[in-house]
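Observations on the model geometry
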Amino acid sequence: MKKARLIASMILLVLSCAALIETSKLPVGNLHSPQAGFFPLAIGILLGIFSIIFLVQSMKEKTEESRSVSEGPKNWQKIILTLVTLFAIALFFERLGYLISSFLLIGFLLAAVSKQKWWTVITTAFLSSLISYLLFGIVLKTQLPGGLLSGFFGN
Amino acid sequence: MDILGNIGMGFSVVLTPANVFFCFLGALLGTLVGVLPGLGPAATIAFLLPITYKMSPVTAIILLAGIFYGAQYGGSTTSILVNIPGEATSVITCLDGYKMARQGRAGPALGIAAFGSFIAGTLGVIGLMIFAPLLGRAALSIGPPEYFAITVFGLTLVTSLSRGPTINALIMATLGLLAGCIGGDPVSGFQRFTYGSITLIDGVGIVPVAMGIFGIGEVLENVASALGTGEIYQAKITGLLPKLKDWKDSFWPIIRGSFIGFFVGILPGPSVTIATFTSYAIEKKVSRHPEKFGTGIIEGVAGPEAANNSAVSGTFIPLVSLGIPANVTMALFLGALMIHGIQPGPLFITQHPDIFWGLIISMYLGNAMLLVLNLPLIGIWVRLVRVPYGILFPLILLLCVIGVYTLNNNVVEILIMLIFGVFGYLNRKIGFEGAPFIIALVLGPMMEKCLRQSLLISRGDLGIFFTRPISAILMGLALVSIIMTLLPAFKKRKELIGEDAK
């Protein structure tokens, strides 16, 4: 916990410095006539102050009192697999189209993360992809990408 | 127009087939997400926002409001039967509700939760009907310095009431304000921190952020902790209609809970959850047998369940009368109204009486529907909780992807949602709450605009915030709320609430 909080406070300090550097590129103005950079500058300074307080508090924190927040390696694997799947689907969402993307998303998560039996994977992925397409794409008429199957569905 | 005329108009707005249907759908969906842990009303409302584009504004608000108050009903069912609170607002119900179920009194517990919610929901709506127009009229006479003070007070209260150390909440609020600076400057339109991205020109959208932090972040946490389903109450549930003794024991807790819920609900932050804890604490204090609380007594269910429902009405007040969202769900309501070109604020009730009174009447109707709907459907809700999380979470993730993509048909927003999902997950791990971030993100542009306008009016004199009576009082209250968090007694209480909520 202590280590995680120390890392977080470092990231926050870097972020507040970055915010201040970026704000310096904007017109700041003054109290009489505040410009676009005025508010972000004030917020950047505040963030810097809070980050320093947080860093000091984290350094003071006793290691033995802190509760562990680390996940087991298996759980990290699940989280990383879920995130990688989501990012991959986001990147190929429009190219693959809704039906294929949603089938792959559900199927992969059920197979790799939840470790379901193959028939549960195929049936759940197929049905949820089809039913959600019918509900959102057809009934509610929301625009979902056709992608590779656009020839079949006309969008 | 007199109040009866307004109520009549509300009925004429709501009693159309489409609005009655969406009121029912909202209440049903709300109960569903209330039952399911890991999918809250905020993420559901965020997900449904794009679908409400094509609806009339009043229909959209009726649907979304139904989800919010329906979730309060649903949350109690699983708290009582499974000891898993579907929502944070039902955590306290577990203490006595689940014990009652174990003693074979699940029926009266569920019954009083439903009836208590109905009574409190109705009383809360009456409160909303009375106080929102009053506050709206008063708000007409205030200017930028007062609005700036309101946003400062709102933010300090959100940070001081959130769980964990105050510095964590202050950091989250500051990060939210910084994220709120992305996009066009609210006064001159000057582009800031957009780095050529077209998606960021209008700023970071609240929907991808809310769905990321509350949808994706929550799923990642549950995936990691391999959510268990708990011990499910298996016996047949009978006697849903509470007996005379149950009514006698519950009457005053329900009335007190309704009032506590409504007035605590007006405050910014996690006020609905706080209302339930306050109601429980007060019931224990006024009870002739406080030692029995936690052993399965009906007062411990009736008070908090009434409080969470009337608090929902209370949270609408700052939004409809001042245009300021008190919590994440209200921030999404603000988004929903703005999608339709409607700006909530002091003029909202006079300019859009159909929406305000339609919302009020739909809440009456929705509460009645929930009462009828909830009791017979309890068996279905319990079966739903038994669906393994391993099957449920890919479906929740798919809904998040659809919800964010259909907002603007923009894949970049899915990526923004995922980035905020990781941000939300890591924050939970090190004890940072997402709510101050989102409230600050929404209030930031208004805060900046009012600050700059005030400084222009006063020619750079910061004293403007301390010499005008309303802003001076609010700034004073903001200061008090921060100082309070430094007091040891308050710190201890916050830690206790944090532990209970976990």
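Residues numbered from 1 in each chain as written. Chains lettered and ligands numbered in written order. Predicted model: local features only at pLDDT ≥ 70, side-chain atom pairs only at ≥ 80, totals over all residues.

Here's the deal with the overall build of chain B
Across its full length, chain B holds 21 helices and 2 strands. For a compact globule of 502 residues, the expected C-alpha radius of gyration is about 23 Å, and chain B comes in at 22 Å, within 12% of that figure. Once the C-alpha set of chain B is aligned to its principal axes, its extents read approximately 70 × 55 × 50 Å. When burial is assessed residue by residue, chain B has 61% of its 502 residues classed as buried. Sequence separation of 24 or more characterises 80% of the internal contacts of chain B that already satisfy a separation of 6 or more. (Helix = DSSP H or I, 4+ residues; strand = E, 2+ residues; numbered from the N terminus. Rg over C-alpha atoms; globule rule 2.2 N^0.38 Å. Buried ≥ 20, exposed ≤ 12 C-beta atoms within 10 Å, placed from the backbone. Contact = placed C-beta atoms within 7 Å.)

Quick look at the confidence of the model for chain A
On average, residues of chain A score 85 in pLDDT, and 89% of them reach the 70 mark or higher. Looking at the elements of chain A, mean pLDDT is at its lowest for helix α6 (residues 150-153) of chain A, recorded as 65, and at its highest for helix α4 (residues 98-113) of chain A, recorded as 93. (pLDDT = per-residue confidence, 0-100.)

Some details on the interface of chain B and chain A
It is common to report an interface's size as the accessible area lost on association of the parts. Every contact between the two is made by 43 residues of chain B and, on the other side, 52 residues of chain A. Looking at the side of chain B that touches chain A, the elements with two or more residues in it are α8 (166-180), α9 (206-225), α16 (389-408), α17 (411-429) and α18 (435-457) of chain B. In terms of residue count, the dominant contributor to the side of chain B that touches chain A is α16 of chain B (10 residues). For the side of chain B that touches chain A, the residue count by class is 31 nonpolar, 6 polar and 6 charged. (Nonpolar A, V, L, I, M, F, W, Y, C, P; charged D, E, K, R; others polar.)

Description of the domain arrangement of chain A
Looking at the assigned domains, one finds that chain A contains domain 1 (2-60) and domain 2 (73-153). On a C-alpha basis, the centres of domain 1 of chain A and domain 2 of chain A stand 39 Å from each other. (Domains from an automatic or database assignment.)

With respect to unusual backbone geometry
With the exception of glycine, most residues fall at negative phi, and the peptide bonds are largely trans. Residues and elements named next belong to chain B. Phi at Asn409 takes a positive value of approximately 50°, unusual for a residue other than glycine. Mapped onto the elements, Asn409 comes out in the loop between α16 and α17. You can call Asn409 partly exposed: it has 13 C-beta atoms within 10 Å. Its identity as a non-glycine residue notwithstanding, Arg459 has a phi of 55°, on the positive side. Here Arg459 is to be found in the loop between α18 and α19 (464-467). Arg459 sits in the exposed class, given 10 other C-beta atoms within 10 Å.

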